Amino acid sequence: MGKYINIKNNLIKFLLIVIGVLFSINSIGQETVIDLDYTNPQEYVIGGISISGADNLSKSTLIQISELEIGETIIIPGNKIKKAIKKLWDQGLFSNISIDVIDVVENNIFLTIYLKEHVRLSKFKFEGKIRKSEISDLKEKLRLMRGKILTKNLITNCINTIKAYYIEKGYLYINVKDSVYTDTTITKSDILVFNIEKGKKIKIKKINITGRSKILNTEKRIWNNKDSIYAISNYRIKKIFEETKEKKWWRIFKSSKFIESNYEAEKKSLIAKYNEKGYRDARILNDSIYKNNDNTISIEVNLIEGEVYTFGKITWIGNTIYDNETLTKILKIKQGDIFNQSILDSRISGGVEGKDISSLYMDDGYLFFRAHPIEISTENNEIDFQIRIKEGEQARINKVSVTGNTKTNDHVIMREIRTRPGDLFKRNEVIRSQRELAQLQYFDPEQFDVQINPDPVQNSVDITYQVAEKSTDQINLQGGWGGGYIVGSLGLRFTNFSSSRILKKNAWDPIPAGDGQTLSLSASSNGRYYQSYNISFVEPWLGGKKPNSFSISAYRSLYSLSGSSNSQSQSTELLGGSIGLGKRLKYPDDYFTLYNGISIQHYKLENSTNFIFQDGMSNNISYTIRLGRNSVDQLVFPRSGSNISLSLKATPPYSILNPVDNYANLTSQEKYAWIEYYKWKFKSAWFSAFTAKLVLNTNIEMGLLGSYNDDLGLSPFERFYVGGDGLSGMGAMFDGREMISLRGYNNNSISPITGASIYNKYTTELRYALSLNPSSTVYILSFLEAGNAWDNYDYFNPFGVKRSAGFGIRIMLPMIGMMGVDYGWGFDNIPNNPNANGGQFHFSIGQQF
């Protein structure tokens, strides 16, 4: 019986729904609206829903969006209809929406949703005296496309964008009007027209700062107009208003224009500068901008400076780990110092160099340390502070992870990270880990980020290093001059090579990568006369457990000239190789490294005219030890740190082990069958950042070539050749010469013809980054350079240098490396070489410090 009743009820419900649907279909187009008593809410069952006015949209989809369903029980009036209308409004497709009751049959109600669609954009255009380039820029900024829904909000946003564009160009009184016309060729579409009246560019004639008072000269302690000065000088105010500048005839590269956002920011900077001087009550009372008759504007800012405040007594409370004396010493603020809130904040927390109170605690694991400076009294413009410290517990590292590496294997990154699970959290180790990752060159240093996720309950912290891979493999193309020929070279350098994956087919993309090894291949030639080949490999973590590097290289160079009927064939062949071990030291600190290496060279000569003797063989076996310290933050555009190295390269003292009575009786072949010398070199580079893009680089370097035996004399090999761009040609193959650049002079023009045994060089470069994008890092530079070279130590004078100055540009391309061009002007004449100095262009390839 129950089953029969359920079937009957379901059948009745089904018939009601069918009748409702048929009724709603039949009533489409009718506009009869049923009046209901809205003061008496009642329940109804939705018998049918129809859509009116949305001809271009799916009606079933619109009903779904409204969330109204046939057969659903609703209360009228009630929230269900309101919510349905809101859902439809949220789509942004309609200019008008209403839901009406068109019929009521017993307890069933039939609804119609009336919709009016927004018109769509068919096209847009600009009118007025505007340039084609401006139209192109505006189209790019507006990004309007055909078919976009045309609303008042959209038009308003477009007008604001157009105004902002022209205001930034100096058209302060820009006027933009819009017009909308029906497009008769497309249904429900309009044409949007912007009429632009730019007017004339408005420049700033005068910026007048009032309310400034002259202050007491602190040295003479007297009031006198002649000796008085402003708290903030006129020059400093002009620097603060860097973007809102007065119109000057000599200002060519930066126009005088008013941009409100810049102006508002610079007003805040003005008050901040007063605060730094101790004027904590300084404020802008009012400011005004008025138009002059000559189509310029003037700006007047009325200040209230207030009085100068100083720091009073500073006391500590809550500190148990470090005593008051230690904290006061780090704070470096004394009673009577000019009050500066920003200095107080930075000395407590946020010091760039990590010499603040917060860094002191965080370097010892106190991640949850907090310090709150509280003003406890202000008398006679002297502010006393009580710094309340909450030390908390030491936090240990729970988990360390890396994200963003798509090419470099995890173990290569993790071995450079100084923070390990279970260790105490140390802020300086996090910063050092960032520096080590930047040194790898595999990641974009501008996108490095570290996420610190502390857990105060467990006194632990999770650390996530976020990196972004960049291309590191390079193709180096280089040209040089040597032996009367142009020499071209091609080099391939893979800096993230993986030798362990060579046998895996799927690892070749284009070569196996991810293990941090370096593989270099190079070839140089000028045709059939000269050929040179080189291969080298570096493993930075030999064994994978300690940062002990292993390097090996091999090379072969050949210069040959076939003989004719009147001459003999000539050839010079060099075979060589080297092997080295490097180690990261712990003392004096772990920025130090020590390298030991052995190099072997074998010369084979036949009728050679490019060597110290013509026929025979010569050997050069040397040992190199180099102590270095490198704390540079990154390689491409360093901003901080230094790179210093001292090296000694030496051969065995053959002439001492096997002395000869008279070296004058020996031939060159006999003298140099085993080459002997020792060579000291010192290089240093320091980087100091003024801003994130402006960096000062200073360099000092020098070299000394010495001999074991005065009777044998200095070796003709391994000498220094100073001047020019420093690019090596074939001469480096013949005698192992070192090319030292000195811009503003011809190549090798500073050294004696046979090369120098001692040289020095000083460089100062001011670098400014135009782009720090890893795909094309670009910076410009200006330089002062000085250096000289001598063939005898007795003539050495560290201040007797050849000077030059100039400017240049560097471009870092991922597949090419660092490329640059400089224009230098040499100020000093070179004896017997009158054309060696003056204006010179120099090209460079490769990273240079």
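Here, every reference points to the structure presented above.
Now for a quick tour of the structure. (Residues numbered from 1 in each chain as written. Predicted model: local features only at pLDDT ≥ 70, side-chain atom pairs only at ≥ 80, totals over all residues. Heavy atoms only, no water.)

### Points about the packing of aromatic side chains
For clarity, the threshold we go by: In this analysis, rings of Phe, Tyr and Trp, with Trp reduced to its six-membered ring, are considered paired at centre separations within 6.5 Å, and the interplanar angle assigns stacked below 30 degrees, edge-to-face beyond 60, and tilted for intermediate values. Secondary structure follows DSSP: runs of H or I at least 4 residues long count as helices, runs of E at least 2 residues long count as strands, and numbering of each begins at the N terminus. The cut-offs for exposure are 20% and 50% of the maximum accessible area for each residue type, with area from a 1.4 Å probe on protein chains only; residues under the lower value are buried, those over the upper are exposed, and the others partly exposed. Over a ring means this: the NZ of a Lys or the CZ of an Arg is within 6 Å of the ring centre and within 35 degrees of the ring normal.
Within the structure shown, the criterion is met by 24 aromatic pairs. Ring centres of phenylalanine 126 and phenylalanine 194 lie 5.9 Å apart, and the angle between their planes is 25°; this geometry places the pair in the stacked category. One end of the pair, phenylalanine 126, is in strand 5 (residues 120-127); the other, phenylalanine 194, is in strand 7 (residues 189-197), with 68 residues separating them in the sequence. For the pair phenylalanine 126 and phenylalanine 194, a shared accessibility class is recorded, and that class is buried. Note on phenylalanine 258 and tyrosine 263: the rings are 5.3 Å apart at their centroids and 50° apart in plane angle, and the pair reads as tilted. For the residue pair phenylalanine 258 and tyrosine 263, the accessibility class agrees, reading buried in each case. Ring-pair connections join several aromatic residues into one group, and the members of that group are Tyr322, Tyr361, Tyr366 and Phe369. Sitting over the face of the ring of tyrosine 591, arginine 432 holds its NZ or CZ atom 3.7 Å from the ring centroid. The ring of phenylalanine 783 has arginine 743 lying over it, and the distance from NZ or CZ to the ring centre is 3.8 Å.

### What about the pattern of salt bridges?
For the record, the criterion: Here, a salt bridge means any side-chain nitrogen of Lys or Arg that lies within 4 Å of a carboxyl oxygen of Asp or Glu.
All told, the structure shown has 32 salt bridges when counted by the stated rule. Through salt bridges with shared partners, a single network forms among Glu416, Arg418, Arg432, Arg435, Glu436, Arg584 and Asp590.

### A word on the nonpolar core
We count it as follows: Here the nonpolar core consists of buried residues drawn from Ala, Val, Leu, Ile, Met, Phe, Trp, Tyr and Cys, with membership extended through side-chain atoms lying within 4.5 Å. By the convention used here, residues are in contact when the closest approach between their heavy atoms is within 4.5 Å.
Residues Ile417, Phe425, Leu437, Phe443, Ile463 and Tyr465 are the most contacted members of the largest nonpolar core, which totals 23 residues. When residues of this core are traced back to their parent elements, those giving at least two are strand 16 (396-403), helix 11 (410-414), helix 12 (427-439) and strand 18 (460-466). For phenylalanine 443, the residues in contact, after removing those within four places along its chain, are Asn405, Thr408, Ile413, Leu437, Phe448, Val467, Ala468, Glu469 and Lys470. One finds Phe611, Ile675, Ile740 and Ile830 within the second-largest nonpolar core, a separate group that totals 22 residues.

### Examining the pairing of strand 14 (residues 370-379)
In summary, the side chains of a regular strand alternate between the two faces of the sheet. Note the following rule: In this analysis, strands are considered paired if DSSP registers two or more bridges between them.
Pairing of strand 14 with strand 15 (residues 382-390) involves 9 bridges; the strand directions are antiparallel. Considered in strand 15, the bridge of glutamate 375 is made with phenylalanine 385.

### Observations concerning the sheet that holds strand 15
Worth spelling out the cut-off: Every axis in this analysis is a line fitted to C-alpha atoms, fitted for helices over the stretch in contact. Angles between the N-to-C directions lie between 0 and 180 degrees.
A sheet is described by the order of its strands in space; here 3 strands give the open sequence 13-15-14, paired in mixed fashion. Every interior strand has two partners, whereas the edge strands, strand 13 (310-317) and strand 14, have only one. Across the sheet, the mean angle from the axis of one strand to that of its neighbour is 25°, orientation sign disregarded. The strands touched by helix 8 (residues 324-331) within the sheet are strand 13 and strand 15, with strand 13 carrying the most contacts at an inclination of about 145°. Seen against the sheet, helix 9 (residues 341-348) touches strand 13, strand 14 and strand 15 and runs at an angle of roughly 150° to strand 14.

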